[in-house]
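The residues making up each chain are set out below.
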Amino acid sequence: MHFDLIRHPVVTSTMDVCRQLAERDAPEGTVVIAGEQTAGRGRAGRVWFSPPGQSLFVSILLRPQLAPCQIGWLTMIGALAVYEMVNEELSDEKAQSSSQLTIKWFNDVLLDGRKLAGVLVETSLTGDWLDYAVLGIGLNVNTRFDDAPEEIRRRATSLREAFRREFDREAVLQSLLRMFSIRYEALPASPVADYARRLDTLGKRVRLSAGEEIVEGEAVRVEEDGALIVVTEKGERVARFGDVA
Ligand code: BTN
């Protein structure tokens, strides 16, 4: 996959800039990277902590031939790319610090139970046709959370915090794009089995909040479209969105 990197010191969100380029027919592989975001966003309208010069904020324009029910695969390969980048390129440090790397359904990459990265996919559909997708990755590389809201300070981590050194963000970006490219080129083979293997969620009791609803039970599998199957006292529930705790 060929990448065309477009860098900005500050943007509202790399998602916005990438979407604008997509609407102007920019090619697949256009990558928007920012040093800082003033309105970085996560899933469910959350704010993504985006201080200047410490993290990676990346949005990749994709024009894949996928059916609407396969769009969840993009989030999966984004999370797998982060997972594999840390697992393979930083394997020594990971082993030395005996850090646990996992994916939490649906889009979180965790180091020792804390959020290292998040993936956000936004799409433009015409009927059943996927015009384009923008895949955003926020990766906490050298991120310091001193100025972050309490909630984020408690739950987030960075490569710097976990491995106790500063990282070259450019080198991390290049590794991440390399891993992503391998995963993307493997489509349309399903990534679900690989994704499920890395999930820390399966086989555990979970408490899933989806809007107003709370579902409690054992997470048993992930469906082809990314839905999480939870066995509750009342039987199997299919979760298509929500947060697992
Ligand atoms: C999440 O965990 O909810 C997803 C977070 C995605 C954050 C990235 S940072 C780069 C891109 N630009 C954004 O505004 N969001 C994504």
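What this report covers is the structure whose coordinates are included nearby. Since the model is a prediction, treat every value here as computed from it, not as a measurement. (Residues numbered from 1 in each chain as written. Predicted model: local features only at pLDDT ≥ 70, side-chain atom pairs only at ≥ 80, totals over all residues. Heavy atoms only, no water.)

Quick word on the pattern of salt bridges
The criterion, for reference: Each reported salt bridge corresponds to a side-chain nitrogen of Lys or Arg within 4 Å of a carboxyl oxygen of Asp or Glu. Secondary structure counts use DSSP, requiring at least four H or I residues in a row for a helix and at least two E residues in a row for a strand, with both numbered from the N terminus. Each residue is placed in one exposure class: buried if its accessible area under a 1.4 Å probe, protein chains only, is under 20% of its type's maximum, exposed if it is over 50%, and partly exposed if it falls in between.
The full count for this structure, using the stated rule, is 23 salt bridges. Residues arginine 41 and aspartate 16 are paired through a salt bridge, measuring 2.8 Å at the closest nitrogen-oxygen approach. Placement of arginine 41 in the loop between strand S2 (30-37) and strand S3 (56-62) and of aspartate 16 in helix H1 (residues 14-23) is noted, with a sequence separation of 25 residues between them. Residue classification places arginine 41 among the partly exposed positions, given a relative accessible area of 27%. The closest approach of N and O atoms between arginine 19 and glutamate 122, which form a salt bridge, is 3.0 Å. With arginine 19 in helix H1 and glutamate 122 in strand S6 (residues 114-126), this pair connects stretches of sequence that are 103 residues apart. Relative accessible area serves as the criterion here: at 27%, arginine 19 is assigned to the partly exposed category.

Some points on the environment of valine 230
Convention followed: In what follows, a contact means two residues having at least one pair of non-hydrogen atoms within 4.5 Å.
Within the secondary structure, valine 230 sits in strand S10 (residues 228-232). By relative accessible area, valine 230 is classed as buried at 1%. Distance from valine 230 to valine 215, taken between C-alpha atoms, is 7.9 Å for residues 15 residues apart in sequence. Setting aside residues no more than four positions away along its own chain, valine 230 makes contact with Val206, Val215, Glu216, Gly217, Glu218, Ala219, Gly235, Glu236 and Arg237.

Some words on the sheet that holds strand S9 (residues 213-222)
Rule in force here: We call two strands paired when DSSP finds no fewer than two bridges between them.
Pairing in this open sheet of 5 strands is antiparallel, and the strands run S11-S10-S9-S8-S12 from one edge to the other. The open sheet has two edge strands, strand S11 (235-239) and strand S12 (243-244), and neither has a second partner. Two strands pair when backbone bridges link them, and S10 and S11 are joined in this way by 5 bridges, in the antiparallel orientation. Opposite valine 230, over in S11, you have arginine 237 as the bridge partner.

Some points on unusual backbone geometry
The residue after tryptophan 105, namely phenylalanine 106, is reached through a cis peptide bond having omega 10 degrees. Mapped onto the secondary structure, phenylalanine 106 falls in the loop between strand S4 (101-104) and strand S5 (108-111). For the peptide bond that leads from leucine 187 to proline 188, omega is 10 degrees, which places it in the cis range. Within the secondary structure layout, proline 188 lies in the loop between helix H6 (169-185) and helix H7 (192-198). A positive phi angle, close to 65 degrees, is found at aspartate 25, a residue other than glycine. As for its position among the elements, aspartate 25 is in the loop between H1 and S2. Its identity as a non-glycine residue notwithstanding, serine 98 has a phi of 40 degrees, on the positive side. Here serine 98 lies in the loop between helix H3 (91-96) and S4.

Keep in mind these values describe shape, not function.
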